[in-house]
Amino acid sequence: MLNHTLLIAALLATALLFGGMLLFAGGFAAFALKALPPVEARLLIRAAFPPFYAFVILAATLAALLAWALDAPSTLALALIALTTFPTRQILMPAINSAADSGQSRRFQILHMLSVLITLAHIGIAGLVLLRLAAQ
């Protein structure tokens, strides 16, 4: 019974992570860019990313802790999301902002693409973990 409850909790935490990342990356950012003037949209998105990354770190950590007793590969995958989000938030995001602020468009494009690829990888990993946990 305890393992079943733990599995449900791990599934819900992973679903929260997956859905939150998907909604933010695929919904909020795109909506803001379409609904607001470009300057205001960029300011809003820039302000939203630190809390988004904090959410990813916390949700992935929670999901990893809940999966700990259930499935080692899922635990490692979720921990990887949390661990790689920290430097993305603390190093990559400020570098992207700095490149944008200083007009280094090529550097901005490369760094931004890297952040997009990291986020897509995180979404994909969380989706695979969801499938793996759901199959238990």
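I will try to describe carefully the structure that is included in this document. (Residues numbered from 1 in each chain as written. Predicted model: local features only at pLDDT ≥ 70, side-chain atom pairs only at ≥ 80, totals over all residues. Heavy atoms only, no water.)

Quick notes on the overall build of the protein chain
Counting its secondary structure elements, the protein chain contains 4 helices and 0 strands. Along the chain direction, N to C, the helices and strands of the protein chain fall in the order α-α-α-α. For the C-alpha atoms alone, the extent of the protein chain along its principal axes is close to 55 × 25 × 20 Å. Across the 136 residues of the protein chain, 35% fall into the buried class. Here the analysis covers contacts within the protein chain between residues at least 6 apart in sequence; of these, 72% occur between residues at least 24 apart. For the protein chain, the accessible surface area stands at approximately 7900 Å², while carbon and sulfur atoms represent 76% of it. (Helix = DSSP H or I, 4+ residues; strand = E, 2+ residues; numbered from the N terminus. Buried < 20%, exposed > 50% of the residue type's maximum accessible area, 1.4 Å probe, protein only. Contact = heavy atoms within 4.5 Å. Areas by Shrake-Rupley, 256 points an atom, 1.4 Å probe, with all protein chains shown as cover.)

Some words on the packing of aromatic side chains
A full pass over the atoms with the stated rule returns 6 aromatic pairs. When the centroid spacing of 5.4 Å and the interplanar angle of 45° are considered together, the rings of F49 and Y53 count as tilted. With a gap of 4 residues between them, F49 and Y53 both fall in helix 2 (residues 38-67), about one helical turn apart. When its relative accessible area of 5% is taken as the criterion, Y53 is described as buried. Among the aromatic residues, ring-to-ring pairing joins F24, F28, F49, F52 and Y53 into one connected group. (Phe/Tyr/Trp six-rings, centres within 6.5 Å; stacked < 30°, edge-to-face > 60°.)

Points about the packing of helix 3 (residues 72-101) against helix 4 (residues 105-134)
Two numbers describe how helix 3 lies on helix 4: the axes approach to 10 Å, and their chain directions differ by 165°. Judged on the interaxial angle alone, helix 4 and helix 3 are roughly antiparallel. Seen along the crossing, helix 3 lies across helix 4 with a hand that is left-handed. Of the residues that constitute the contact of helix 3 with helix 4, the class distribution is 18 nonpolar, 7 polar and 2 charged. (Axes fitted to C-alpha atoms, helices over the stretch in contact; angles between N-to-C directions. Parallel < 35°, antiparallel > 145°, perpendicular 65-115°, else oblique. Left-handed = near helix turned anticlockwise from the far one by under 90°. Nonpolar A, V, L, I, M, F, W, Y, C, P; charged D, E, K, R; others polar.)

Some points on the nonpolar core
If you look at soluble globular proteins, the nonpolar side chains tend to sit buried side by side. Ranked by size, the top nonpolar core spans 26 residues in total, and within it A10, L17, M21, F52, V56, L78 and I81 carry the most contacts. Among the elements of the structure, helix 1 (2-35), helix 2, helix 3 and helix 4 are those that each provide at least two residues to this core. Broken down by element, the residue count for this core peaks at 10 residues, all from helix 2. Setting aside residues up to four positions removed in sequence, L17 forms contacts with F55, V56, A59, A60, L78, I81 and A126. (Core = buried A, V, L, I, M, F, W, Y, C linked by side-chain atoms within 4.5 Å.)

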